[in-house]
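Overview (structure and organization)
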Amino acid sequence: MTFAASRPTPATLAGRLGVLCSRAWQSQALTRVVSLALFAGLTAWVLVVFRDYGISNDEPVQHTYGQLLWQWYGSGFKDDRAFHYINLYLYGGLFDLIAAGLEPYVSLPVYDLRHLISAGFGLAGLVAVWRWTKLLAGEKAAILAVAILAVTGMYGGAMFTHTKDVPFAATMAWSVYLVTCVAAALPGLPSWRTVAGLGFAVGCALGLRVGGVFAIFYLGLTVVAAGVIHRDVRLVARLVLRLVPAGLVALTVMALAWPWSVLPPTNLFEAMGAFSHFSFDLSTLINGKDVPIGEVPGFYMSEYLLIKLPDVALLGLIAAIPFGVLALLRANADDRRRALVFLPLVLALAVPVAFTLAEHPPLYNGIRHFLFVIPPATIAAALGIAALWRAALRVSPGLGFATAAVAGSLFAFNAASFVALHPYEYVGYNQLVGGLAGADGRFEGDYWSATIREAATELREGVEAHPPAKPYKVAICAEDGQVQPFLGPDLELTESWDDADFLLTARNVGCDNLVPGLTYRTISRLGVPLAMVVDLRARHSPVVEPLPWDDDADPDTPAVSFHGPGSATVARKVP
């Protein structure tokens, strides 16, 4: 037999490759390695980038709230200023207690510390999503769900700066996952470990926001549904008795993190009422119109959810609905009992949407207040993509490959957009509205004014290149605490815009059109300006050099922004 005759044929090579791919796909050990590698990569990413993020405009008061809570404890429960501080007593203080408590012992700037802690909550939420999805559909679907959620701007990017919203979303993800564990144990009782974990998770959620009552509602409906599906009233009674310790743990954790809520206990109901009907003088942007937050339509949250989710998540949600309905229609009695584990996921998606449609609560900042809906939406999307791929594969291997290629391409596109927006990932939109460019001027942008940090840094570096004889005065359309840490000795804040040499502003708040001046720097992502530094010196300082001729009728003629003594550059006018 010759050497040539003994070579494997192409068909044999293809067959062997197929066998290897099949074995790799079915390998639980390899799947676990991928899971571990994914979380290792996400943890490394957090540690590398957490210092990049700007200070959100309510972080200073949040941190003060945490300090006041510690002072209440330290004073022997006498210093109750935390219970009257602005309106923050209506929120749980879990996150702020942790941040303020660690501040003296961690050698990081306080806001970097807060962002790192917030990202830690975000990573914990990703672990909850992994465990939740794995319970429902296996580890491969769990990897997909975590990967999609990680590149979702309103989670993976927001988890550094949304220090109320992402920790709450993470604790809610754990809460609903553990409710799912209760359903998975039926018709038996959940383990004591599950009971304790459920109590702790719900307590942490309530210790952040009163919205943690949603998790209690999901648990109650799941217990009632278990009694109906299993036709056993005694099962409901046994479950309630088993879950009593979880309630005690939850109340204890909530009371420690949010003491105002139990002093007296009726305060919890006062907080529920306040968040259902609160209103103040603020507008939010909906389809290009500024709408008072007390007048937002019921579809506000639903619309923002649809345009803020990544495109690959939308594909999965679109697929999940028909496949889920079809599975329910085909289900027999045994299938319906097994399907009870999906009920908490359905509730976590449907109840908040139904609540906003029915109640029309005052809302603003897009999806921020209902960010806790994004993890279950992402899980549903992962299940939908998996179901769509399996259905396509049953038709033909080629169609299965094409489906995987489409989903993979969408994921790659969303991941690339996520990276391009760094560190302002949360301002991104999907292609339903044409991405960030299509949403610009129509929907909420940088509502935290997080871009103001980069604007301040750009101004400081520019001024340091040509140091002034005396410090320039800087006005800001933001909170002082968002800018002060990033200004050098040549810049000082002023409350008087008339005396200011420069103005720092994010475009989302509209201050860029209030004062005439020249653009000194623009902070942009994906071609969309997000913040700017406006040079105001020509309004009140003598001009050493004559300005070039500027014909207002001709936009091509230049205006000048002076960066320092003897230095001038051409810049466009700001109206």
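Report on the accompanying structure. (Residues numbered from 1 in each chain as written. Predicted model: local features only at pLDDT ≥ 70, side-chain atom pairs only at ≥ 80, totals over all residues. Heavy atoms only, no water.)

Time to look at the packing of aromatic side chains. Under the defined criterion, the tally for this structure stands at 25 aromatic pairs. With 6.1 Å between their ring centres and 75° between their planes, Tyr 73 and Phe 77 make a pair best called edge-to-face. Its relative accessible area of 25% is what places Tyr 73 among the partly exposed residues. Counting every residue linked through ring pairs, the aromatic cluster contains Phe 168, Phe 214, Tyr 218, Phe 355, Phe 370 and Phe 372. In this structure, Lys 308 packs its charged tip against the face of Tyr 429, placed 4.1 Å from the ring centre. (Phe/Tyr/Trp six-rings, centres within 6.5 Å; stacked < 30°, edge-to-face > 60°. Buried < 20%, exposed > 50% of the residue type's maximum accessible area, 1.4 Å probe, protein only. Lys NZ or Arg CZ within 6 Å of the ring centre and 35° of its normal.)

Let us look at a nonpolar patch on the surface. Together, Val 240, Leu 241, Val 244 and Leu 248 make up an exposed nonpolar region whose accessible area comes to about 390 Å². Looking at where Leu 248 falls in the secondary structure, it is placed in helix α12 (residues 233-257). (Patch = residues over 30% accessible without salt bridge, like charges linked within 9 Å, V, L, I, M, F, W, Y side chains within 5 Å. Areas by Shrake-Rupley, 256 points an atom, 1.4 Å probe, with all protein chains shown as cover. Salt bridge = Lys/Arg side-chain N within 4 Å of Asp/Glu carboxyl O. Helix = DSSP H or I, 4+ residues; strand = E, 2+ residues; numbered from the N terminus.)

Taken N-terminus to C-terminus, the directions of helix α9 (residues 165-185) and helix α11 (residues 213-230) make an angle of 10°; their axes are 10 Å apart at the nearest point. As far as their axial angle goes, α11 and α9 are roughly parallel. Residue-level inspection shows Met 172, Ser 175, Val 176, Val 179 and Ala 183 of α9 in contact with α11, the latter providing Phe 214, Ala 215, Tyr 218, Leu 219 and Thr 222. (Axes fitted to C-alpha atoms, helices over the stretch in contact; angles between N-to-C directions. Parallel < 35°, antiparallel > 145°, perpendicular 65-115°, else oblique. Contact = heavy atoms within 4.5 Å.)

Another aspect to go through is the nonpolar core. Formed by 153 residues in total, the largest nonpolar core has its most connected members in Tyr 155, Tyr 218, Phe 372, Leu 459 and Leu 504. Leaving out residues up to four positions away in the same chain, Leu 459 has contacts with Val 474, Leu 491, Phe 502, Leu 504, Tyr 520 and Val 533. By size, the runner-up hydrophobic cluster in this structure holds seven residues, among which are Ala 475, Ala 500, Met 532 and Val 534. (Core = buried A, V, L, I, M, F, W, Y, C linked by side-chain atoms within 4.5 Å.)

When the terminal C-alpha atoms of helix α4 (residues 59-74) are compared, their 23 Å separation across 16 residues agrees well with the 22 Å that a helix rising 1.5 Å per residue should span. Of the positions making up α4, those classed as buried are Glu 59, Gln 62, His 63, Tyr 65, Gly 66, Leu 68, Leu 69 and Trp 72. As for α4, its buried residues are in contact with α5 (94-102), α6 (110-137) and α12. A positive phi of about 70° marks Gly 76, the residue just after α4. (Expected span 1.5 Å × (residues − 1).)

Here we come to the packing of α5 against α6. For the pair α5 and α6, the least separation of the axes is 10 Å and the interaxial angle reads 135°. In terms of axis orientation, α5 runs oblique to α6. Every pair of crossing elements has a handedness; the one defined by α5 and α6 is right-handed. Between α5, through Leu 94, Phe 95, Asp 96, Ile 98, Ala 99 and Leu 102, and α6, the contact on the second element is made entirely by Leu 113, Arg 114, Ile 117, Ser 118 and Phe 121. (Left-handed = near helix turned anticlockwise from the far one by under 90°.)

Backbone torsion omega between Leu 186 and Pro 187 reads 5°, so that peptide bond is classified as cis. In this structure, Pro 187 sits in the loop between α9 and α10 (192-206). Even without being a glycine, Arg 231 presents a positive backbone phi close to 50°. Turning to its location among the elements, Arg 231 is positioned in the loop between α11 and α12.

If you walk through the whole model with that rule in mind, you get 15 salt bridges. The partner of Glu 139 in a salt bridge is Arg 32, with the nearest N and O atoms 2.8 Å apart. Of this pair, Glu 139 sits in helix α7 (residues 139-150) while Arg 32 is found in helix α3 (residues 28-49), placing the two residues 107 residues apart along the sequence. Look at Glu 139 and you get buried, because its relative accessible area is 12%. Accessibility expressed as a relative area gives 36% for Arg 32, which makes it partly exposed. The salt bridge involving Asp 165 is made with Arg 368; its shortest N-O contact spans 3.1 Å. Here Asp 165, found in helix α9, pairs with Arg 368, found in the loop between α17 (343-359) and α18 (374-395); they are 203 residues apart in sequence, far enough to count as distant. Among the residues examined, Arg 368 registers a relative accessible area of 4% and is labelled buried.

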